[in-house]
Amino acid sequence: EVQLVESGGGLVQPGGSLRLSCAASGFAFSTYVMNWIRQAPGKGLEWVSGITAGGTTYYGDSVKGRFDISRDNAKYTLYLRLNSLEPEDTAMYYCAAGRLGCWSRSDCDFWGQGTQVTVSS
């Protein structure tokens, strides 16, 4: 059974940092492009970042320079470091496996249940 389990979300003040994790199982994690996608309250899905099997990273314009994606293939785990957080970063964050830039459950191959990030003072 394929599973993607996100963790690490929470409440953080503006300017703060968080590290999200996504534990993968049931598929060949090291061979897949992995992505982070988010959905803010009342808004649509937004692709945030992606990392290829070889470790090349890509970011959406809204998070470039603030977020850092990485992966540990030995641990079957994907990470997203969120720095300089802003209230606009408040969203449910999902990890997903599939093509670079995949952005929805139907567009990606595998999709997690999400972890909530709330940025507020």
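This report concerns the structure included in the present document. Predicted model, so just to flag it, every value in this text is computed and none were measured.

Considerations on the packing of aromatic side chains
Between two aromatic rings, the relevant description is the distance of the centres plus the angle of the planes. Inspection of every chain in the model, using the stated rule, returns 6 aromatic pairs. Between the aromatic rings of F27 and F29, the centroid separation amounts to 6.4 Å while the plane-to-plane angle is 65°, which identifies the pairing as edge-to-face. The residues F27 and F29 share a single accessibility class, namely buried. Judged by centre distance (5.6 Å) and plane angle (45°), the ring pair of Y32 and F110 falls under tilted. Linking Y32 in the loop between β3 (18–25) and β4 (34–39) with F110 in strand β10 (residues 110–111), this pair joins segments that are 78 residues apart in sequence. Since its relative accessible area comes to 22%, Y32 is described here as partly exposed. A cation over a ring is seen here: R71 above F29, with NZ or CZ 4.6 Å from the ring centre.

Focus on the side chain of R66
Mapping R66 onto the fold places it in the loop between β6 (57–59) and β7 (67–72). Not counting chain neighbours up to four residues away, the residues in contact with R66 comprise R81, L82, N83, S84, L85, E86 and D89.

Topic: the nonpolar core
W36, F67, L78, L80 and Y93 are the most contacted members of the largest nonpolar core, which has 28 residues in total. Counting only elements with at least two residues in this core, the list comes to β3, β4, β5 (45–51), β7, β8 (77–82), β9 (91–97) and β11 (115–119). With sequence-adjacent residues up to four places away left out, L80 is seen in contact with L18, R19, L20, W36, V48, S49, F67, D68, I69 and Y93.

Observations concerning the state of the cysteines
One pass over the structure, following the stated rule, counts 2 disulfides. Put simply, C22 and C95 are joined by a disulfide, and their sulfur atoms are 1.9 Å apart. The chirality of the disulfide connecting C22 with C95 is right-handed, given an S-S dihedral of about 45°. Here C22 is found in strand β3, whereas its partner C95 is found in strand β9, with 73 residues between them in sequence. Given a relative accessible area of 0%, C95 falls into the buried group.

Examining the sheet that holds β3
The sheet built from 4 strands is open, its strands ordered β1-β3-β8-β7 with antiparallel pairing. What marks the edges here is a single partner per strand, and that holds for β1 (3–7) and β7. With strand direction ignored, the average angle separating the axes of adjacent strands in the sheet is 15°. As paired elements, β7 and β8 share 6 bridges and run antiparallel to each other. Of the residues in β8, the one forming a bridge with I69 is L80.

What counts and what doesn't
Residues numbered from 1 in each chain as written. Predicted model: local features only at pLDDT ≥ 70, side-chain atom pairs only at ≥ 80, totals over all residues. Heavy atoms only, no water. Phe/Tyr/Trp six-rings, centres within 6.5 Å; stacked < 30°, edge-to-face > 60°. Buried < 20%, exposed > 50% of the residue type's maximum accessible area, 1.4 Å probe, protein only. Helix = DSSP H or I, 4+ residues; strand = E, 2+ residues; numbered from the N terminus. Lys NZ or Arg CZ within 6 Å of the ring centre and 35° of its normal. Contact = heavy atoms within 4.5 Å. Core = buried A, V, L, I, M, F, W, Y, C linked by side-chain atoms within 4.5 Å. Disulfide = S-S within 2.5 Å. Pairing = 2+ DSSP bridges. Axes fitted to C-alpha atoms, helices over the stretch in contact; angles between N-to-C directions.

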